[in-house]
Amino acid sequence: MAEVIVNLTESPSSARPAWALWELGFRPFYLLAALWAALFIPLWVLQLSAVFNEALIRNTSWHAHEMIFGYALAVIIGFLFTAGRNWSGHPTPSGRSLQFLALLWLLARMAAFSPWVWLSLLLNLSVPWVAAWGLWRSLYAGHNRRNYFFVALLIFMGLASACFHFSQMGWQALQFEMGLHLDRGVSLALDIVLLIVAIMMGRVVPMFSNNGIPGLQAARKPIIEKLAIGSILGLMVIDSLAIQNGYAATFVGIACIVHGWRWFLWQPWKTWRNPMVWVLQGAYFWLLIFLALKAFAATGTIPSGPATHALTVGLIGMVTLGMMTRTSLGHTGNPIHATWIEQTAFSALFLAASIRVFMPLAWPSLLIESALLSALMWSAAFALYLWRYTPLLVLHKR
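Keep in mind it's a predicted model, so treat the numbers as computed, not measured.

Participant: Would you take a moment to explain the packing of aromatic side chains for this structure?
Facilitator: The description of an aromatic ring pair uses the distance of the two centres, along with the angle that the planes make with each other. Following the criterion strictly, the structure yields 23 aromatic pairs and no others. Relative to Trp105, the ring of Trp36 lies with its centre 6.1 Å away and its plane at 80 degrees, an arrangement referred to as edge-to-face. Of this pair, Trp36 sits in helix α2 (residues 26-48) while Trp105 sits in helix α4 (residues 95-111); the two residues are 69 residues apart in sequence, bridging distant segments of the chain. Using a relative accessible area of 14% as the deciding quantity, one classes Trp36 as buried. Ring centres 4.6 Å apart and planes at 15 degrees place the aromatic pair Tyr385 and Tyr389 in the stacked group. In this pair, Tyr385 and Tyr389 are both assigned in helix α14 (residues 367-394), 4 residues apart and thus about one turn of the helix distant. Residue Tyr385 is classed as buried on the basis of its relative accessible area, which comes to 2%.

Structure below.
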């Protein structure tokens with residue numbers, strides 16, 4: 001089976017201009033995501049370590065919001081706009097409409113540093129909803145109902161951001177009167193990102209693994225796929241209700257076993273000789289670490305921070321960087337091959353996750369030091385991506 005990514009390759013033509021940034025969603029949004037990742041995390045860690053006298057970023061919740069609605073959402077939009085064109089056979093936003101959405105995203109990031117929470121709410125609600133509209137138009141035109149749920153997930157991400165903003169504005173009366181849990185907007189958005197990642201990895205990782213490793217027999221079993229996605233949906237319920245007890249720990253532990261079985265079927269131990277494959281297989285390892293740590297955190301045995309960072313820095317960080325490199329190469333007509341730059345970036349990100357997760361568990365007193373060292377590795381990984389891929393994404397291949 002040929003990789004889907006190959007079908008999305010653009011066909012350079014001498015008649016077309018060299019400038020290509022606004023032709024397809026992955027081009028501007030991958031660059032924006034990488035730039036935000038490389039700059040925002042060091043800025044946050046410097047504030048966390050009290051280097052700045054005045055807070056530029058309001059609090060830890062805003063740090064989480066910006067990594068979800070800044071970094072992760074940008075990658076998701078770039079991927080969905082690009083894949084959506086292939087799924088439907090119809091164009092997704094490009095040109096002026098893509099520029100408009102990118103501008104909205106940039107303004108939303110700037111608003112995070114402003115005192116105008118209402119403006120931030122409006123902008124951060126607009127970005128996923130405008131993206132949902134653009135994706136829906138393409139899918140509807142191509143009668144691609146199978147992927148409508150991605151439109152719904154983008155809409156829910158906007159609602160999750162709104163809940164976060166209402167919570168930050170202190171709308172406690174609304175929370176109590178309507179039975180809402182406004183302070184869980186970031187948690188809900190993070191679970192939505194996890195759901196998107198789990199679905200897409202199940203679709204593409206076995207195929208990419210088999211195509212990249214001769215003789216590999218990575219498999220997908222329908223019952224395991226259903227259980228794996230069902231467990232993420234169950235996790236969303238647990239997080240939305242803030243359940244922290246033995247029952248939650250048991251459920252999360254069972255989810256870890258299910259996803260471990262799913263990963264075993266992909267034969268990850270045979271993929272290490274191909275970095276473009278192992279970065280995705282290695283990313284899934286962090287999902288298992290996340291679930292295991294979350295199970296312990298549900299019983300109060302350990303703090304929740306290491307589990308959260310296993311999910312964000314480990315799983316989401318590595319899978320997004322892996323897909324950004326793979327799709328950037330494939331869609332620009334380049335061989336899907338990892339140079340020393342990609343290999344260094346992948347290794348740096350794996351180290352960033354390992355340091356951020358395990359160092360505070362082993363030495364709680366070194367929390368700030370672990371955050372600084374992890375941020376350095378994280379930022380280096382995305383700086384390498386920008387160095388390598390900016391020319392490929394901005395200009396046509398010649």
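The rest of the description comes next.
Participant: Looking at this structure, how should I read the side chain of Thr327?
Facilitator: Along the chain, Thr327 falls in helix α12 (residues 305-331). Polar side-chain contacts of Thr327 include one of 2.6 Å to the backbone oxygen of Met323.

Participant: In this structure, what is going on with helix α13 (residues 340-362)? I would like to understand it.
Facilitator: Every α-helix winds through 3.6 residues per turn, so residues three or four apart in the chain are directed the same way. Its 23 residues place the ends of α13 31 Å apart at the C-alpha level, agreeing with the 33 Å of an ideal helix rising 1.5 Å per residue. The largest bend in α13 comes to about 25 degrees, at Ile355.

Participant: Looking at this structure, how should I read the packing of helix α8 (residues 185-212) against helix α9 (residues 222-240)?
Facilitator: Describing two packed helices takes the angle between their axes plus the distance from one axis to the other. Across the interface, α8 lies against α9 with an axial gap of 10 Å and an inter-helix angle of 175 degrees. The angle between the axes of α8 and α9 places the two elements in the roughly antiparallel class. Two secondary-structure elements touch here, α8 through Ser187, Leu188, Asp191, Ile192, Leu194, Leu195, Ala198, Ile199 and Gly202 and α9 through Glu225, Ile229, Ile232, Leu233, Leu235, Met236 and Asp239. Tallied by class, the residues present in the contact of α8 with α9 amount to 11 nonpolar, 2 polar and 3 charged.

Participant: What should I look at first to understand a nonpolar patch on the surface in this one?
Facilitator: A cluster of nonpolar residues, Leu46, Leu48, Leu367, Ile368 and Leu372, forms a patch on the protein surface that exposes about 350 Å² of accessible area. Secondary structure elements with two or more residues in the nonpolar patch: α2 and α14. Per element, the largest residue contribution to the nonpolar patch is 3 residues, and it comes from α14. Position of Leu46 among the secondary structure elements: in helix α2. When its relative accessible area of 33% is taken as the criterion, Leu46 is described as partly exposed.

Participant: Quick question: what am I supposed to make of the nonpolar core here?
Facilitator: The tendency in soluble globular proteins is for nonpolar side chains to be buried side by side. Formed by 136 residues in total, the largest nonpolar core has its most connected members in Phe29, Tyr71, Met201, Phe290, Leu315, Trp378 and Phe382. At 17 residues, α8 tops the list of elements feeding residues into this core. What Phe29 contacts, discounting residues up to four positions off in sequence, is Ala74, Ile77, Gly78, Leu98, Leu101, Ala102 and Trp105.

The rules behind these values
- Residues numbered from 1 in each chain as written.
- Predicted model: local features only at pLDDT ≥ 70, side-chain atom pairs only at ≥ 80, totals over all residues.
- Heavy atoms only, no water.
- Phe/Tyr/Trp six-rings, centres within 6.5 Å; stacked < 30°, edge-to-face > 60°.
- Helix = DSSP H or I, 4+ residues; strand = E, 2+ residues; numbered from the N terminus.
- Buried < 20%, exposed > 50% of the residue type's maximum accessible area, 1.4 Å probe, protein only.
- Polar contact = N/O pair within 3.5 Å; in protein donor to acceptor, adjacent residues only side chain to side chain.
- Expected span 1.5 Å × (residues − 1).
- Bend = angle between axes of the 7 residues up to and from the residue.
- Axes fitted to C-alpha atoms, helices over the stretch in contact; angles between N-to-C directions.
- Parallel < 35°, antiparallel > 145°, perpendicular 65-115°, else oblique.
- Contact = heavy atoms within 4.5 Å.
- Nonpolar A, V, L, I, M, F, W, Y, C, P; charged D, E, K, R; others polar.
- Patch = residues over 30% accessible without salt bridge, like charges linked within 9 Å, V, L, I, M, F, W, Y side chains within 5 Å.
- Areas by Shrake-Rupley, 256 points an atom, 1.4 Å probe, with all protein chains shown as cover.
- Salt bridge = Lys/Arg side-chain N within 4 Å of Asp/Glu carboxyl O.
- Core = buried A, V, L, I, M, F, W, Y, C linked by side-chain atoms within 4.5 Å.

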